[in-house]
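# Architecture and fold: a report
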Amino acid sequence: MSAAPFTVAIDGPAAAGKGTIARAIAAHFGYAHLDTGLLYRAVGARVLDGADPIDAARALDPTALEDSRLRTADVAQAASEVAVIPEVRAALLAFQRGFARRPGGAVLDGRDICTVIYPDAEAQLFVTASADVRAERRWAELRAKGDMRTLAEVLEDVEARDARDSARDAAPMKPAPGARVLDTSELSIDAAVAAAIAHVTACGGRAAP
Ligand code: CDP
C-alpha cells in the first residue's frame, strides 16, 4: 500500500459546487479535504469582531475551523475583503502547501490552489457555473439556514465577491492552464461529481484499497 502524496486542486467562484465535489472526491479516493475558504472566513469573522486582519491571519489555528457562523453571508463578504491583503494570504500559505503534500492524498478547494498554492497538483479542476445558477444555489442554502435575504441580494453579493476575487492583484481567481474546466450550470450533483471523479482517475488518482 502506498501513502504517496497525490493532490487534487479545485478552484472556482462562489457557490459553483466546489465544496460538494471536493468532499465527494475525498470520500471516493480516501483523501483528506481542506476547504481553504474557511481559512479566509475565519480571518473575516475575527475582523468583524474588531481584530486586525494580518494579526488574525498570523494567529489563526487552521485546524480549528468548525464554527457554523463561518458559513454566513456577512462572513463571506468579510472573507473576500481580507483575501485581497497579500500578508493575509502569505500567513495562510504554508499550512495549505503542507496539507497539499500530506501522505495519502489531499483535496483542496479555493480560488488559487492550482495557480499559487500547489501548481504541481496531479489533478486540477476549475469548477464554475453561471452567476444566476450559483446565486440560486446559495440562496437556497441560506434559506435552509433561516437567512431570508432575497435572491436579488444574494446575486449582488455573489457578483461583488466574484469581481473582487478576480480583479485583485494578490492571487486573482482564474483557471490555471492545466485545469480541467467543469461548468456545472446544467449538471446534477451526481453528474458533476461523476465528471470530476473521472478526471481525477484519468490524472492517476486511485481509490484507497
Ligand atoms: O463557499 P464560497 O465559494 O461562497 O466561498 P469560500 O470558498 O468559503 O471563500 C470565501 C472567500 O474567501 C472568497 O470569496 C475569496 O475571496 C476567499 N478565498 C480566497 O481568496 N482564496 C481561497 N483559496 C479561498 C477563498
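So, here's what we can say about the structure. (Residues numbered from 1 in each chain as written. Predicted model: local features only at pLDDT ≥ 70, side-chain atom pairs only at ≥ 80, totals over all residues. Heavy atoms only, no water.)

This paragraph deals with the environment of L65. Inspection of the secondary structure assignment puts L65 in the loop between α3 (53-59) and α4 (73-82). As a C-alpha pair, L65 and W139 span 74 residues in sequence and 23 Å in three-dimensional space. Apart from the residues lying within four places of it in its own chain, the contact partners of L65 are L38, L39, A42 and L70. (Helix = DSSP H or I, 4+ residues; strand = E, 2+ residues; numbered from the N terminus. Contact = heavy atoms within 4.5 Å.)

For the rest of this paragraph, the subject is the nonpolar core. Of all hydrophobic cores here, the largest spans 20 residues; its most connected members are V8, I10, I21, I25, V107, L125 and V200. Elements that contribute at least two residues to this core include exactly β1 (7-11), α1 (18-29), β4 (123-128) and α9 (189-202). Residues L60, L70, V75 and L92 belong to the second largest nonpolar core, which totals 17 residues. (Core = buried A, V, L, I, M, F, W, Y, C linked by side-chain atoms within 4.5 Å. Buried < 20%, exposed > 50% of the residue type's maximum accessible area, 1.4 Å probe, protein only.)

Counted according to the given criterion, the structure contains three aromatic pairs. The interplanar angle of 50 degrees and the centroid separation of 6.3 Å between the aromatic rings of F95 and F99 together place this pair among those described as tilted. With F95 and F99 both in helix α5 (residues 86-100) and four residues apart, the pair spans about one turn of that helix. Overall, F95 belongs to the partly exposed group, its relative accessible area being 28%. Judged by relative accessible area, F99 falls into the buried class, the value being 11%. Through a chain of ring-to-ring contacts, the aromatic side chains of F6, F29 and Y31 assemble into a single cluster. The ring of F99 carries R102 above its face, with NZ or CZ at 4.6 Å from the centroid. (Phe/Tyr/Trp six-rings, centres within 6.5 Å; stacked < 30°, edge-to-face > 60°. Lys NZ or Arg CZ within 6 Å of the ring centre and 35° of its normal.)

Before going further, it helps to examine the environment of I21. Within the element layout of this structure, I21 appears in helix α1. The exposure class assigned to I21 is buried, which follows from its relative accessible area of 2%. Taking the C-alpha atoms as reference points, I21 and M173, separated by 152 residues in sequence, lie 18 Å from one another. Not counting chain neighbours up to four residues away, the residues in contact with I21 comprise I10, V127, L182, T184, A192, V193 and A196.

Another point: the sheet that holds β4. In a beta sheet, neighbouring strands are held together by backbone hydrogen bonds and run either parallel or antiparallel to one another. With parallel pairing, the five strands of this open sheet are ordered in space as β2-β3-β1-β4-β5. Two strands bound the open sheet, and with one partner strand each, they are β2 (32-35) and β5 (180-183). Between one strand and the next, the sheet's axes are offset by a mean angle of 20 degrees, whatever the strand orientation. Contacts from α1 reach β1, β2, β3 (106-110), β4 and β5, with the element oriented near 180 degrees to β3. (Pairing = 2+ DSSP bridges. Axes fitted to C-alpha atoms, helices over the stretch in contact; angles between N-to-C directions.)

Across the interface, helix α2 (residues 37-48) lies against α4 with an axial gap of 7 Å and an inter-helix angle of 100 degrees. Here α4 runs roughly perpendicular to α2, going by the angle between their axes. On α4, the residues touching Y40, R41, V43, G44, A45, V47 and L48 of α2 are D74, V75, A76, A78, A79 and V82. When grouped by side-chain class, the residues that make up the contact of α2 with α4 number 10 nonpolar, one polar and two charged. (Parallel < 35°, antiparallel > 145°, perpendicular 65-115°, else oblique. Nonpolar A, V, L, I, M, F, W, Y, C, P; charged D, E, K, R; others polar.)

Not every one of the 18 residues close to the ligand is listed here, only the nearest: R41, R89, R138, R161 and D165. The side chain of D165 places a nitrogen or oxygen atom 2.6 Å from an oxygen atom of the ligand. Taken by itself the ligand offers 530 Å² of open surface, and the protein chains cover 96% of this. (Near = heavy atom within 4 Å. Polar contact = N/O pair within 3.5 Å; in protein donor to acceptor, adjacent residues only side chain to side chain. Areas by Shrake-Rupley, 256 points an atom, 1.4 Å probe, with all protein chains shown as cover.)

Once that is clear, we can look at the side chain of R41. Considering the arrangement of structural elements, one finds R41 in helix α2. The side chain of R41 is buried and forms no salt bridge, while D35, the nearest opposite charge, is found at 6.1 Å. Not counting residues within four places of it along the chain, the set of residues in contact with R41 comprises L70, R71, T72, V75, A76, A79, R138 and R161. (Lys, Arg positive; Asp, Glu negative; His and termini not counted. Salt bridge = Lys/Arg side-chain N within 4 Å of Asp/Glu carboxyl O.)

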